[in-house]
Amino acid sequence: MYPMVPRLTPVLFCGAVLAGSPVQAGEAPTRVLEEIIVTAQKRAESLQDVPISISTVSGEKMTENAIFKIDDLQAFVPNLSMTETGLSTQVLIRGIGSGNNPAFEQSVGTYVDGIHYGRSQLLRLPFLDLERVEVLRGPQSILFGKNSIAGALNLTTAAPTDVLEGQASINYSADGGAAEYTGVISGPISERLSGRLAARQLDEDGWMKNTFKGQDEVERDESAVRLSLRWDASDDLRVDLKAEWAEFDNVGRPVEIVKDDSAVAGPFQGLNFAQILGVVGYPGALEHDEDNRRQTDGRELSNNEVRNVTLNVDLSVGELTVTAISAFLSYEFDEIYDGDWVGAPMFLGGGGENYEQFSQELRVASPTGGTIDWIAGVFYQTSELRYYDRLIFPANSVLSALLPPAGPILGSEVARDFQGDSDLAAVFAQATWHFGDRTHLAVGGRYTWEDKKGFREVNILDSASGAVTSSPVVPIIWSALGIASEQAGGHSIAASRSEAVFTPLINLVWDATDDTMLYGTYSTGFKAGGFDARANSPSYFEFRDEEATTFEVGAKSTFFNGATELNVALYRTEYDNLQTSQFDGGLGFTVGNAKETVVQGIELDGRWAMTESLAMNFGLAYLDHEYKDFRNGNCYAGQVPDGDVVNGIPLCDYSGKSGWYTPELSGILSLRHVTALPAGLTLQSNFDVSYQGEQNVHVNLDPNGEIDATTRMNLRLALQAQSWELALLVQNLTDEQPLTLVSDVALTSSFGTSTYNAFVTRPRTTYLRASYHF
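Cut-offs and rules
- Residues numbered from 1 in each chain as written.
- Predicted model: local features only at pLDDT ≥ 70, side-chain atom pairs only at ≥ 80, totals over all residues.
- Heavy atoms only, no water.
- Core = buried A, V, L, I, M, F, W, Y, C linked by side-chain atoms within 4.5 Å.
- Buried < 20%, exposed > 50% of the residue type's maximum accessible area, 1.4 Å probe, protein only.
- Helix = DSSP H or I, 4+ residues; strand = E, 2+ residues; numbered from the N terminus.
- Pairing = 2+ DSSP bridges.
- Axes fitted to C-alpha atoms, helices over the stretch in contact; angles between N-to-C directions.
- Contact = heavy atoms within 4.5 Å.
- Disulfide = S-S within 2.5 Å.

1. Side note on the nonpolar core
When a protein is soluble and globular, its nonpolar side chains tend to lie buried together. One finds Leu-153, Phe-393 and Trp-478 to be the most contacted residues of the largest nonpolar core, which totals 118 residues. The leading source of residues in this core is strand 24 (residues 320–337), at 6 residues. In this structure, Val-38, Ala-40, Tyr-111 and Ala-152 belong to the second largest nonpolar core, which totals 11 residues.

So, in structure tokens, the structure goes:
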């Protein structure tokens, strides 16, 4: 329900509530922030009682601000970054994430209702009917496990209700022609059975002009539906069953050429890439070489389908609570990308995945309130991944004129095929000893076993027939371009690896006062090694596991009789063998490990009920990220090798440098004001500001990937009644245009030009939203 009179009824704010009380004569009005409940420790607890650095975003906040997926969430959470690339998706917490390789599982674990969504493509899954998102910073290895070495995103979907309620809404923007339709109905089916049905459809024409195709992009078509059932079989047994399906398809990508400098030597000296294309008959193939949200690339599409069924059983056995969670998760996607990003036939890429996962968790939790409370359990997960990748040089490619020696390979393609299977089992436990009235010691551990199998094969195919090429010359030329195949030197690799690791945690909490908690934590993290899905050389296949050790101290405080909260955390995490993926300067990426990396910093966040009708939410993060020992990185274009030599290739030393997506400062500030109007109406105003400092968004830390600090602002005005709302939202009020990823345009180094493409952010966008609820 929406607020009617702010002094007498709750006012929703970022997942919390500003509760007002009737004012008595001679008394000052009271302002109290209602507690935020989280499940970061597998129990429902107040955020202020959890000794972890956490940010939360409520489902209401996401709906209000058109937060459609994780990519949109980063503007509201400091020390959280995400980017979608042509090959994969990365999410980072405190500057740590997974690189650009389909074989990587994410260093930031994503969990939806307790189920691990570890594949990068699942990070693109649109949100549907969420209750909240919790962002947990630092290793979360004990209770979450499964590679949550940098942190975790804990997503909770809305549950069935015991009273009938529903909502229907439309969210429309003329900026890009976007229309989102959502509907939810929830309530009792019988005395003990309730259900919830949610559905969403989004259609968008696009907000970037593709002058080559004469149309707007990115075109989006997203559909999702979820059915949740809750059976309260008895006072001691509750069963939740959830089934959901989603499909999200895109045409085009938000990418453009942002730099195109002329060659300074060689046969194309004095010409940039656009001029070179003009010489060979494509004068309009590259019309834009600056950040202006205009592009000239060719065919681009991505088709995705995701399915999930989750069964959650909670059983009370005496004072204990037994929870069993069984889940099946699968997806497949197919993509085509124009790897040269210009409107001339040069080369195309394509790929896709088919993934299936089954998991089972069984845990037992003690009651709280005694001298010792504990939680323990076992976990099992098995998964199968099938990945394919195609690099196609069409018969009419301009490379026949630009690189005559490459002529014979036109009409052929590189076919990479990868299979990865994983079986994982774990046991875990965490116990908290409450000694004295104010001191609490928690000790936990998780022991994990994982077996992995990997297989990769690279073949050279004839594009017309789809069969392995019969030419003895074509594979040799591909090999000269750096791609080894079965037809030239051999490229069929199979291997297996087994790992077993124990990750402990120690946490000490002292309730200094009734309103202030101090804590100190020692924790460890682990991310399994694996097998590179798309390296061009058989010398690069297996990569090592990575480990993390974290020390964190913090405080959580409440002031002014519950009107203000202030939380602070100081941390230092040391990573050994951090998994990396860097551009090889030609047609691929190389996976490796940075021997030593250290991240440290401070995070501050809080809430303030400033008046009876005005509330503030804020967060600030300082990050110091440094590669202490990383001598085996790929060099960026023009960089002089000064690192190790691996497999005969001289590499570059990145020791002493910060990684990509590591701004020193990031922060958010949100204000919400509620005004009572005549006729029982309410006017709600929201103003949000987010800041990210200078950072490098090139995977090889090329100086051309350095971007300036960015401040983005959103403004929302909503007129509310008892059962309806009309709202106006302006995102990116000042039309900031930060680049989210900068890359070399593949093969342009062969021509001597300095040509870069970049993924760009959405411009200023205005949404009109109408909703009805009961």
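Okay, back to it.
2. A closer look at the sheet that holds strand 45 (residues 739–744)
Adjacent strands of a sheet form backbone hydrogen bonds with each other and so pair up, either parallel or antiparallel. Pairing within the open sheet is antiparallel, and its 3 strands lie in the order 21-46-45. Edge positions in the sheet fall to strand 21 (255–261) and strand 45, since each of these pairs with one other strand and no more. Strand-to-strand twist in this sheet, taken as the mean axis angle between neighbours without regard to direction, amounts to 25°. Summarising the sheet, strand 45 and strand 46 (residues 754–760) pair through 5 bridges and their orientation is antiparallel. Considered in strand 46, the bridge of Ser-743 is made with Asn-757.

3. Let's talk about the side chain of Ser-120
Tracing the chain through its elements places Ser-120 in the loop between strand 11 (115–116) and strand 12 (130–137). If sequence neighbours within four positions are ignored, Ser-120 has contacts with Ser-88, Thr-89 and Gln-106.

4. Comments concerning the state of the cysteines
Under the defined criterion, the tally for this structure stands at 1 disulfide. At a sulfur-sulfur separation of 2.0 Å, the disulfide partner of Cys-635 is Cys-652. Of note, the bridge from Cys-635 to Cys-652 carries an S-S torsion of about 100° and is right-handed in sense. Residue Cys-635 is found in the loop between strand 36 (614–629) and strand 37 (645–646), and its partner Cys-652 is found in the loop between strand 38 (649–650) and strand 39 (665–676); the two are separated by 17 residues along the sequence. Accessibility assignment for this pair places Cys-635 and Cys-652 in one class, buried.

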